[in-house]
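Single-letter residue listing:
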Amino acid sequence: TQRAPERMPTAALEFLYSSPIVDGTRIYVLRHANTTSASNAGTRVWLSLPGADGKPARQVLVPQQAGTSIRIHGRDSKLLLANYRFGHQDLVYSTSQLMTDVARADGDTLVLYNAKGEDGETVLAYPSQPKVAALAGKVATHWDAATRRLRLDYVHDGFARVRITDAGHDLLLLIGTAHEFDNLWRLDTPSGAVLVDGPHLVRTALLGANGALQLTGDTDKPTAVEVFAPSAATTVTWNGSAIAVMRTPSGSLDGKLAGPAPVTLPQLTQWKFKVGSPEIALQFNDSKWTRADRTTSNNPFLKTGQPVLDEDDYGFHNGDVWYRGHFKATGKERGIILAAGTGAHGVFTAWLNGHYLGRGSSGRYIDNTQYFNVDPADLEVGKDNVVSVLVANMGHEENDDSNKAFQQPRGLISAAWDGSNAPIAWRIQGDRDGEAPIDPVRGIYNNGGLYGERMGWSLPGYPDATWRDVTLPDAIDQPGVDWYRTAFKLDIPADQDVPIALKIDDSPSRHYRALIFINGWQFGRYVNALGPEREFVLPPGILNPHGDNTIAIASWSTEHSGGLGKVSLVALGNDLTSLRVKMVPAPAYDRAVYVKDR
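Per chain, residue numbering runs from 1 following the sequence as it is written. With the structure being a predicted model, the display of local features is reserved for residues of pLDDT at least 70 and the display and counting of side-chain atom pairs for 80 or more, all residues being used for whole-chain, interface and lining totals. Excluding hydrogens and water, the side-chain values take into account all heavy atoms of the structure.

Time to look at the sheet that holds strand β12 (residues 131-136). Two orientations exist for strands paired in a sheet by backbone hydrogen bonds: parallel and antiparallel. When DSSP finds two or more bridges between a pair of strands, those strands are recorded as paired. Secondary structure elements are taken from DSSP: a helix is a run of H or I of four residues or more, a strand is a run of E of two residues or more, and numbering for both begins at the N terminus. Here we have 5 strands laid out as an open sheet, ordered β9-β10-β16-β15-β12, and mixed in their pairing. The open sheet terminates on both sides in strands that have one partner only, identified here as β9 (97-104) and β12. Across the sheet, the axes of successive neighbouring strands diverge by a mean angle of 15°, strand direction being ignored. The sheet contact formed by β12 and strand β15 (residues 160-166) spans 5 bridges and is antiparallel. Bridging across to β15, Ala-136 finds its partner in Arg-161. Helix axes are fitted to C-alpha atoms over the stretch in contact, other axes to C-alpha atoms as well, and angles between N-to-C directions run from 0 to 180 degrees.

The geometry of an aromatic ring pair comes down to the distance between the two centres and the angle between the two planes. Pairing of aromatic side chains here covers Phe, Tyr and the six-membered ring of Trp, requires ring centres within 6.5 Å, and sorts the geometry by plane angle: under 30 degrees stacked, over 60 edge-to-face, intermediate tilted. Counted under the stated rule, the structure contains 20 aromatic pairs. On the numbers, 6.0 Å between centres and 20° between planes, the contact of Trp-483 with Phe-517 is stacked. Highlighted residues: Trp-483 in strand β38 (residues 480-489) and Phe-517 in strand β41 (residues 512-518), separated in sequence by 34 residues. Comparing Trp-483 with Phe-517 shows no difference in burial state: the two are buried. With 5.8 Å between their ring centres and 25° between their planes, Tyr-589 and Tyr-594 make a pair best called stacked. The pair formed by Tyr-589 and Tyr-594 is uniform in burial state, with each residue classed as buried. Any Lys NZ or Arg CZ found within 6 Å of a ring centre and within 35 degrees of that ring's normal is scored as a charge over the ring. The side chain of Arg-294 reaches across the aromatic face of Tyr-314, ending 5.4 Å from its centre. Each residue gets one of three labels from its accessible area relative to the maximum for its type: buried under 20%, exposed over 50%, partly exposed in between, using a 1.4 Å probe on protein chains only.

Take the pairing of strand β43 (residues 535-538) next. Residue alternation in β43 divides its side chains into a buried set, Phe-536 and Leu-538, and an unburied set, Glu-535 and Val-537. Where strand β40 (residues 500-505) lies against β43, 4 bridges are found, and the strand directions are antiparallel. By the bridge assignment, Lys-503 is partnered in β43 with Glu-535.

Here we take up the pattern of salt bridges. A pair is scored as a salt bridge if a Lys or Arg side-chain nitrogen falls within 4 Å of a carboxyl oxygen belonging to Asp or Glu. According to the stated counting rule, one finds 26 salt bridges in the structure shown. The salt bridge partner of Arg-163 is Asp-170, with a shortest N-O separation of 3.5 Å. Judged by its relative accessible area of 24%, Asp-170 is partly exposed. For Glu-279, the salt bridge identified is with Arg-454, shortest N-O distance 3.1 Å. Linking Glu-279 in the loop between β26 (271-275) and β27 (290-291) with Arg-454 in helix α1 (residues 451-454), this pair joins segments that are 175 residues apart in sequence. For Glu-279, a relative accessible area of 0% puts it in the buried group.

What follows covers the pairing of strand β35 (residues 425-429). Taking burial as the measure, the 5 residues of β35 include 4 buried ones, the bulk of the element. For β27 and β35, the ladder comprises 2 bridges, and the chain directions are antiparallel. Bridge pairing in β35 places Arg-291 opposite Arg-427.

Moving on, we come to the sheet that holds strand β44 (residues 548-557). Spatial strand order, β36-β26-β38-β44-β41-β42: 6 strands in an open sheet with antiparallel pairing. Only two strands of the sheet have a single partner each, and these edge strands are β36 (468-470) and β42 (521-527). Taking each pair of neighbouring strands and ignoring which way they run, the sheet shows an average axis angle of 25°. As defined by bridge partners, β26 adjoins β38 across 4 bridges and the pair is classed as antiparallel. Following the sheet pairing, Lys-274 is matched in β38 by Trp-483.

Structure (structure tokens):
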């Protein structure tokens, strides 16, 4: 492949192309050699193509039109075609990019696009001079009788249309920008492909025997619709209703579609609140928890000769996990060194006999180690004392088998006293029933080891009437886990699709992270001081768009400035639609199932 060095800086671009495909089609890809280039000035490019003038041994520099070029903007690329045949057409080359083409017995269609303002040049081969009619836009045509090539010159600006007729075969050429074709949809039917321009989304198309083209889809506003369909299509229905259409000079059918009605979402003003980390207290009964007393593990990341605390070794593989370590204090304990595996942006917090020790700095690797000072006044010398530790599990690493990073442990890894050799007997509690979850519908990844998760506080139907009323935002000055619940009703019209998200607004100076549940399904982990996620989509079928809903949020304050910010519902769109969503069946709260503490 040749370049024109006087016109194209040799270091500016990489030129890539495939070998000719079986039918002779060539695909050319142009991009900057430096793919991080953000320049929008646009590098001017020319290609030297073999046989573009009908003589295979000769190279032709394209575009041929004087003063024009192919433009490559920063972080952009171009995919161009040559020697491409479809239907009854022979595309020699185009400096515009192909969006789609349609080949039918009653005529072919070619859709080309580039960025607004860029030059375009398209050349087609015909055995004799075809008839050309410019239907819309400015397109100049040039016929070369010697090479039997038809060249079309234009600028991508607006929606241009050209009809080319040769030996009874029509080609409708549609030329525009990516923006013009934002809402151009292609659907294949048994009667041939259909192009529909205008709606926010087209879902299905079917041409009936009576000539009625049956379309379904979505509109986000009142919009014009243009349908390029087989000539047998004479009428159009949209979501089951007939629309008035008229035939255009392009052979398409033009009509108008209605948009959705406005929708107002409820304000989330009435919240219930309850403290949700009884595991902190010395008196908490953990006798039914699993003993973390193993001395060996298959995990290659764990050191031998120390107790095994890794949560995976005890059947807890996801979600936050609690540890409670019992020991008889000697009075010499000056501090405790805790190491935890959390995954990226994880955290762990620790208490001694209910007194807050602090938080472990988040980290990606297993050496997430923190030294906590011990106040002698917090110890009960000679008696049973408890260290309570809550560890986040941000998930296991995803990687290949090269370094076994996916086996990095989660939960506590080690614990050691400074100043004392008092042994610690650990118990662990993660998601209820571990590998055999109590909720088989929502599955093992839905819940972790927080007290409220184990007791069903996230579920619709949980009796929260005795919880304290609270308004948001709410400030909490004690580290630990607190739960917030609210209920609301939606009445979205049945023929409208309104994607809804839960949004949390708060100052990043407050340190807490929250688990978000909608109707018992977990749909987000929010970290206030980190972000950037502030909106969490609540998909219909989980969210009930035509009835009652429950939101439960578990807020884990990791410092003395926690709580929960303002929570609201936001509409991410509003479409008049053919879509009908059914609710996903899932169990609500059942006291007989959740009443026993675990």
